[in-house]
Structures are given as structure tokens and as C-alpha cells.
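Fold and contact review
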Amino acid sequence: MDMENREYKSLIDQIKDFQPQMPEKDAFVNQVMDETATSAKNQANFYSMVFSWTKNPAVRYSLTGAAAAFLILFAIQNAVLFDRVRKVESQISVQQHNTAGVSNIKASQIETYLKKFGGVNSFSGFADDADIEALLKQNMELKKFLDNHPEIKEMVEEETSVYDGIPKISL
Amino acid sequence: MNIIQRIKNGDRAAFRSFVTDTADKGYFLALKITGDAAEAQDVLQDAYVKMWEKRASLHDNKDAYPWLSKVIVNKCYDLLRKTKKMNSVEEYNEQALQLESANLSHHLDTMEMAVVIRMLTAGLPPKQKIVLILSEIEGFSNIEIHDATGISMNSVKTNLMLARKKIQQLVKNYYAEAKS
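Here the structure is a predicted model, which is why all the values come from computation and not from measurement. (Residues numbered from 1 in each chain as written. Chains lettered and ligands numbered in written order. Predicted model: local features only at pLDDT ≥ 70, side-chain atom pairs only at ≥ 80, totals over all residues.)

On a plain count of helices and strands, chain A comes out with 6 helices and 3 strands. The proportion of buried residues among the 171 residues of chain A is 5%. (Helix = DSSP H or I, 4+ residues; strand = E, 2+ residues; numbered from the N terminus. Buried ≥ 20, exposed ≤ 12 C-beta atoms within 10 Å, placed from the backbone.)

What follows is about unusual backbone geometry. Unlike most non-glycine residues, Glu24(A) shows phi in positive territory, near 50°. A residue is classified by how many C-beta atoms lie within 10 Å of it, and Glu24(A), with 10 of them, is exposed.

Moving on, we get to the interface of chain B and chain A. In this complex, chain B contributes 26 residues to the contact, which on the side of chain A involves 22 residues. Secondary structure elements with two or more residues in the side of chain B that touches chain A: helix 2 (12-34), helix 3 (37-53), helix 6 (110-121), helix 7 (126-137) and helix 9 (153-179) of chain B. It is helix 2 of chain B that contributes the most residues to the side of chain B that touches chain A, 9 residues altogether. Residues that form the side of chain B that touches chain A fall into these classes: 14 nonpolar, 5 polar and 7 charged. (Contact = placed C-beta atoms within 7 Å. Nonpolar A, V, L, I, M, F, W, Y, C, P; charged D, E, K, R; others polar.)

In terms of nonpolar packing, the biggest core is built from 49 residues, with Tyr27(B), Ala30(B), Leu44(B), Ile72(B) and Cys76(B) touching the most fellow members. Going through the elements one at a time, helix 1 (3-17) of chain A together with helix 2, helix 3, helix 4 (65-83), helix 6, helix 7, helix 8 (142-149) and helix 9 of chain B are the ones with two or more residues in this core. Each of domain 1 (1-85) and domain 2 (86-180) of chain B contributes no fewer than three residues to this core. Beyond its immediate stretch of four places on either side in the chain, Tyr27(B) contacts Pro20(A), Met22(A), Ala40(B), Gln41(B) and Leu44(B). (Core = buried A, V, L, I, M, F, W, Y, C linked by C-beta atoms within 7 Å. Domains from an automatic or database assignment.)

The next subject is the packing of helix 4 of chain B against helix 7 of chain B. Residues and elements named next belong to chain B. Two numbers describe how helix 4 lies on helix 7: the axes approach to 10 Å, and their chain directions differ by 155°. For the element pair helix 4 / helix 7, the angle class is roughly antiparallel. Of the two possible hands of crossing, helix 4 and helix 7 adopt the one that is right-handed. Packed against helix 4, whose contacting residues are Val 73, Tyr 77, Leu 80 and Arg 81, the element helix 7 presents Pro 126, Ile 130 and Leu 134 at the interface. Counted by class, the contact of helix 4 with helix 7 contains 6 nonpolar, no polar and 1 charged residues. (Axes fitted to C-alpha atoms, helices over the stretch in contact; angles between N-to-C directions. Parallel < 35°, antiparallel > 145°, perpendicular 65-115°, else oblique. Left-handed = near helix turned anticlockwise from the far one by under 90°.)

Turning next to the environment of Asp42(B). Along the chain, the position of Asp42(B) falls in helix 3. Under the C-beta neighbour-count criterion, Asp42(B) is labelled partly exposed, with 15 such atoms within 10 Å.

With that out of the way, let us pick up helix 4 of chain B. Residues and elements named next belong to chain B. With 19 residues, helix 4 extends 27 Å from end C-alpha to end C-alpha; this agrees with the ideal 27 Å at 1.5 Å per step. Looking at helix 4, one finds that the buried residues are Leu 68, Ser 69, Ile 72, Val 73, Lys 75, Cys 76, Tyr 77 and Leu 80. In this structure, the buried residues of helix 4 make contact with helix 2, helix 3, helix 7 and helix 8. (Expected span 1.5 Å × (residues − 1).)

What follows deals with the environment of Asn154(B). All names here are of chain B. With respect to the secondary-structure elements, Asn 154 resides in helix 9. Classification of Asn 154 as exposed rests on a count of 10 C-beta atoms within 10 Å. Note: C-alpha distance between Asn 154 and Asn 142 (12 residues apart in sequence) is 9.2 Å.

Turning our eyes to something else, we now look at the confidence of the model for chain A. Detailed reading of the predicted model is not advised wherever pLDDT is low. Residues and elements named next belong to chain A. Within chain A, residue pLDDT values average 68, and 44% of them lie at 70 or more. Mean pLDDT in chain A bottoms out at strand 3 (residues 169-170), which sits at 49, and peaks at helix 2 (residues 25-50), which reaches 79. Scored below 50 in pLDDT, residues 116-127 shows 13 contacts in the model against residues more than four places distant or in partner chains. Throughout residues 161-165 the model reports pLDDT below 50, and contacts reaching past four residues in sequence, or to other chains, amount to 2 contacts. (pLDDT = per-residue confidence, 0-100.)

A turn of α-helix holds 3.6 residues, and therefore any two residues three or four places apart point the same way. Residue and element names in this part refer to chain B. The end-to-end C-alpha distance of helix 2, which contains 23 residues, comes to just 29 Å, noticeably less than the 33 Å that a straight helix rising 1.5 Å per residue would cover. When the local axis directions of helix 2 are compared, the greatest deviation, roughly 50°, occurs at Thr 22. Positioned one or two residues after helix 2, Gly 35 has a phi angle of 75°, which is positive. (Bend = angle between axes of the 7 residues up to and from the residue.)

Glancing now at the confidence of the model for chain B. All names here are of chain B. On average, chain B scores 80 in pLDDT, and the residues at 70 or more come to 83%. Predicted confidence is poor over residues 88-93, with pLDDT under 50, and the contacts of this stretch with residues over four places away or in other chains come to 9 contacts. Counting interchain partners and residues more than four positions distant, the pLDDT-below-50 stretch residues 95-99 has 8 contacts.

Residues and elements named next belong to chain B. At a minimum axis separation of 10 Å, helix 2 and helix 4 run at an interaxial angle of 25°. Classified by the angle their axes make, helix 2 and helix 4 are roughly parallel. Two packed elements cross with a definite hand, and for helix 2 against helix 4 that hand is right-handed. In this structure, helix 2 uses Thr 22, Gly 26, Leu 29, Ala 30, Ile 33 and Thr 34 to contact helix 4, whose residues at the interface are Tyr 65, Leu 68, Ser 69, Ile 72, Cys 76, Leu 79 and Leu 80. Residue classes in the contact of helix 2 with helix 4 are distributed as 9 nonpolar, 4 polar and no charged.

Have a look at this one:
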């Protein structure tokens, strides 16, 4: 072993053999005991607040289980609803007339389409009152048209109720 | 019933006894890594609180200090990464001078020894620093270092090799200067 390694080893051994002593250890130990007592108290307070009306562990476990099951079902329901909305969105389309001909645009793309061609900046934040008025007017006209043509309205309702992956309705 | 079983049963006197017995070692471990007395105390306190909260998961017939030391190492490593603590050797010039006057062959107190280690590891990046301290001084195996810090095994080996080289050079320079 060369000199360099011997010195390194000797220093590491000296550090390894060192017997440390924590300054003000008693105060530190007391502080830890206080801290753990507070943390245990906080945990107990939370449970006693939620279940203050019963001390029966069976009731507490059942309620905790029911709450967890409810949360899981809620998450599944949200996922199913989201999937349905996505399917209906894909089913409805609008027609864009331009010099190249007529092309269909799916509802999920309508916002982009309006931004590009319709002068509406966003569904969530319209540029001004005129945009909202125009959209409401358009909506009223569509409603009026469907009320006057119940057979089309019925068809729209029927067609959008079953999804087979192919967009069918042109508004 | 041993001390761990008593702690698991919520015996606070047993826990106090465990804290009293292990505080010196735990504090020195945290001090070696963080290099700061206040930070070392905070880390150690957090580790004991965590141990108390998770006491149900302790093994009945095993010493709880290795478990505690892993928590300390993990918390210190998080701290090092957050603060990107890598002090330059120059910052420790003053402490190095104290060290030379103290002379390593004499008895050093905990803070002086911490200064020695800080001086040694001052120029190392956090990964090399923690790997060196755990392997060379604490006697952790590479797997234990990986478990405690999440650093991959290959990275543990590489960083240990690099850190050793740098420290050996530093020690060589120190003794050369001391002799001249």
C-alpha cells in the first residue's frame, strides 16, 4: 500500500472509530418526545372529529369502506360519462363550404373551426357580445327549425342515441 | 418484551430510551452528510417522528437503528439535492486552518470531526458525497446505498470510485502541506 493510500485509510479509520456526542442532547430528546406527542394527538383529533358520534370500530371501518367504495364508483361513472360525450362529439359534424368543395368537420373540431373562420376566439371566453348574440341567434334558428320539422328532430335524436363509430348527422 | 416490541405497543418510555441511545450516532450521520448542525438536528427529529408514526411496521426482533439510518440518509440526500449543496474547498479555508492547528492526532470533539469531514467532502457533488460517506465511513454495502438513496448500483460504484480518487488526492496534499 503506498503512502497516499495509507494516509487516506488512516483518516477514514479515525473517522469510523470516532465516538460522537450530540450537543444539548437532553433538550433534543425532550423536543422529539413533544413532537411525537403532538403528531399522535393530531392523528387522534382527526379521527375523533370524523367519528365523534360513534366509538364502535365496526361502524367506523364500515363507513370508511363505504366512503372508499363511493369514491371508486364516482371515478368509474366519470370515466363512462366522459367516454359517452367523446362518442357523441365524434358523431356530430358540421359542413364546411369552401372553394375546394364541401367537407365535414367533427364537433370536437368545431371550436378550432370557429376560431379560424367564424371570428369566435373561444367557447369559454367570447371576443365580444356580438359573438354571443350571433351564436344565440343561430341556436334559436336551429331550435325553431327542429320544432317545425319533428321528423328531423326525431331522426337526430335516434341517430345520436346509437353510436357505431361513423359520424352521421350534419347540422 | 424487547424495546422494539414495547415501542410498537406505544410505550413512550421505551421510545425515549431508544432516542437517547441512538441520538449521538444519528446526529453525527446527518451532520456528516449535511455539514450543518441545525439541519442535522431537523433531519434527525423528522426521522424520529416518522419512526414513531410508522412504529407498527418495525420488525420485532431487529435493531431499529438501520431502519432509522436509512430514513436519515434519505432525508439528507433530499436536502442536498434540493439545495444543490456543493461547497467549494475555498469556503472551508478558515475551517481547514483550524483543523491544521487542531492536529488530527489529538482528540477531536463532534463538531471538529464534522469540520474534518466537511473539508474532505466539500468539493464533491451531492451524489459522490453521500456515496462516499455511506460506503467508507458508515460501512453500507452498495445494495444498502441503493436502497437508502435510490441511486442505481452502477452509479453507486462509479461515484464511489470518483469520490475516492478526489479524496485520496486531497489527503495527499494535506499531509504534504502539513509536512512542509
